[in-house]
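# Chains, contacts and geometry: an overview
Next come the chains, spelled out residue by residue.
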Amino acid sequence: DQQVKQNSPSLSVQEGRISILNCDYTNSMFDYFLWYKKYPAEGPTFLISISSIKDKNEDGRFTVFLNKSAKHLSLHIVPSQPGDSAVYFCAASAPTNTGNQFYFGTGTSLTVIP
Amino acid sequence: DARVTQTPRHKVTEMGQEVTMRCQPILGHNTVFWYRQTMMQGLELLAYFRNRAPLDDSGMPKDRFSAEMPDATLATLKIQPSEPRDSAVYFCASGLVGTGTTEAFFGQGTRLTVV
C-alpha cells in the first residue's frame, strides 16, 4: 500500500521554465515532508523539506508547497536548469512510538531540455 | 566530509548464494535505514535501527533477509538464499532522529544482480 504517491513517472521541461513535481499522500499523521534528488549511480540527496505547520518553504530556486487538506505537496523549480535533470523522490515522515521513519514515493524523472 | 559508505557498489551472484551488504553510517547518527529501490515501489523501506536496536523490519522478507548492526559503525543486510527477484539497488541511509525530524543521508547504494 503506497502511502506516498508520485503519479507522474516523468516530466520534460524547457530550460528556464518552471518545473512542477507533484506528490500525494494518504496518511494524515505525516508531519514532515522531504524532497530528494537522485542522479544515476548515486544515492538520493536531500533537497528541501517542509513541516506540516507550514504551507510553503523556499530555498533558492526550489520551493515546496504543502496543501494539507488535499494531502498534496509540490516542488517548484524555477528557473529550471539542465543540471536539474534527475529523479526526484517525495518522502513523508510520521511520528511513531519508536520514532520517525520515512516513506518514499516512486519518483519522477525530470528532464530539462537545453 | 561525512558520508554514508556502502560496500560493495556492485554484486553479481548466482541464485541460492548468500549476499552480504555493508553500510557505515555517518558518525554520531542514531538511526540507520535500509531501502530497496525498485521500479514499481520506488524506495521501499526494509528495516531500520535506532541506537543499534532494530525498530521495524516488517518490510523485509523474514525467511531470507536479515539485518543487523553489530556496532555503531557497521550495519549489514544479508540475503540467504538469494533469488533473481532480489535484484535491485539497496540503499543504506543514516540520520539523527530525535525530538525533531531531520533528513536521512543516503549511501551510493549496492546494485545487486542475482542470476
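Refer to the preceding data block for the structure.
The structure reproduced in this document is the subject of the present report. (Residues numbered from 1 in each chain as written. Chains lettered and ligands numbered in written order. Predicted model: local features only at pLDDT ≥ 70, side-chain atom pairs only at ≥ 80, totals over all residues. Heavy atoms only, no water.)

Turning our eyes to something else, we now look at the overall build of chain A. Assigned secondary structure in chain A consists of zero helices and eleven strands. Its helices and strands in sequence order give chain A the pattern β-β-β-β-β-β-β-β-β-β-β, from N to C terminus. For 114 residues, the compact-globule estimate of 2.2 N^0.38 gives 13 Å, and the C-alpha radius of gyration of chain A, at 14 Å, lies within 12% of that figure. Considered along the principal axes of its C-alpha atoms, chain A spans approximately 45 × 30 × 20 Å. The proportion of buried residues among the 114 residues of chain A is 45%. Expressed as a percentage of contacts within chain A between residues at least 6 apart in sequence, the contacts between residues at least 24 apart total 55%. On chain A, roughly 5300 Å² of surface is accessible, and the fraction owed to carbon and sulfur atoms is 50%. Counting 9 positive and 9 negative side-chain charges, chain A places the centres of these two groups 3 Å from one another. (Helix = DSSP H or I, 4+ residues; strand = E, 2+ residues; numbered from the N terminus. Rg over C-alpha atoms; globule rule 2.2 N^0.38 Å. Buried < 20%, exposed > 50% of the residue type's maximum accessible area, 1.4 Å probe, protein only. Contact = heavy atoms within 4.5 Å. Areas by Shrake-Rupley, 256 points an atom, 1.4 Å probe, with all protein chains shown as cover. Lys, Arg positive; Asp, Glu negative; His and termini not counted. Charge placed at Lys NZ, Arg CZ, Asp CG, Glu CD.)

What follows concerns the pairing of strand β9 (residues 88–95) of chain B. Residues and elements named next belong to chain B. In terms of burial, β9 is a largely internal element, eight of the eight residues being buried. Pairing analysis gives seven bridges linking strand β4 (residues 31–38) to β9, with the strands arranged antiparallel. Looking at β9, one finds that Arg-36 is bridged to Tyr-90. Here β9 pairs with strand β11 (residues 110–114) via three bridges, running antiparallel. (Pairing = 2+ DSSP bridges.)

Right, let's talk about the pattern of salt bridges for a bit. Residues and elements named next belong to chain A. Under the definition given, this model contains seven salt bridges over all chains. Between Arg-61 and Asp-84 there is a salt bridge, and its shortest N-O distance comes to 2.8 Å. Here Arg-61, found in the loop between β6 (56–59) and β7 (62–67), pairs with Asp-84, found in the loop between β8 (72–77) and β9 (86–94); they are 23 residues apart in sequence, far enough to count as distant. When its relative accessible area of 2% is taken as the criterion, Asp-84 is described as buried. (Salt bridge = Lys/Arg side-chain N within 4 Å of Asp/Glu carboxyl O.)

At the junction of the two partners, chain B supplies 22 residues and chain A supplies 21 residues. For the pair chain B and chain A, the summed buried area comes to about 1800 Å², and 55% of that belongs to carbon and sulfur atoms. For the interface between chain B and chain A, the tally reads zero salt bridges. Put simply, the parts of the chain that give the side of chain B that touches chain A at least two residues each are β4, β5 (42–50) and β6 (53–56) of chain B. At five residues, the largest contribution of residues to the side of chain B that touches chain A is made by β5 of chain B. Considering only residue class, the side of chain B that touches chain A consists of eleven nonpolar, seven polar and four charged. (Buried area = accessible area lost by both parts, 1.4 Å probe. Nonpolar A, V, L, I, M, F, W, Y, C, P; charged D, E, K, R; others polar.)

Our next topic: the state of the cysteines. The final tally for this structure, using the stated rule, is two disulfides over all chains. Through a disulfide, Cys-23 of chain A is tied to Cys-90 of chain A; the S-S separation comes to 2.0 Å. Taking the sign of the S-S torsion, about -75° here, the bridge from Cys-23 of chain A to Cys-90 of chain A comes out left-handed. Of the two residues, Cys-23 of chain A is situated in strand β3 (residues 19–25) and Cys-90 of chain A in strand β9; the sequence distance between them amounts to 67 residues. Classification of Cys-23 of chain A by relative accessible area gives buried; the value is 0%. Given the relative accessible area of 0%, Cys-90 of chain A is considered buried. Disulfide pairing places Cys-23 of chain B opposite Cys-92 of chain B at an S-S distance of 1.9 Å. Here Cys-23 of chain B and Cys-92 of chain B share a disulfide; its torsion about the S-S bond, -60°, makes the bridge left-handed. Placement of the pair is Cys-23 of chain B in strand β3 (residues 19–24) and Cys-92 of chain B in strand β9, with a sequence separation of 69 residues. (Disulfide = S-S within 2.5 Å.)

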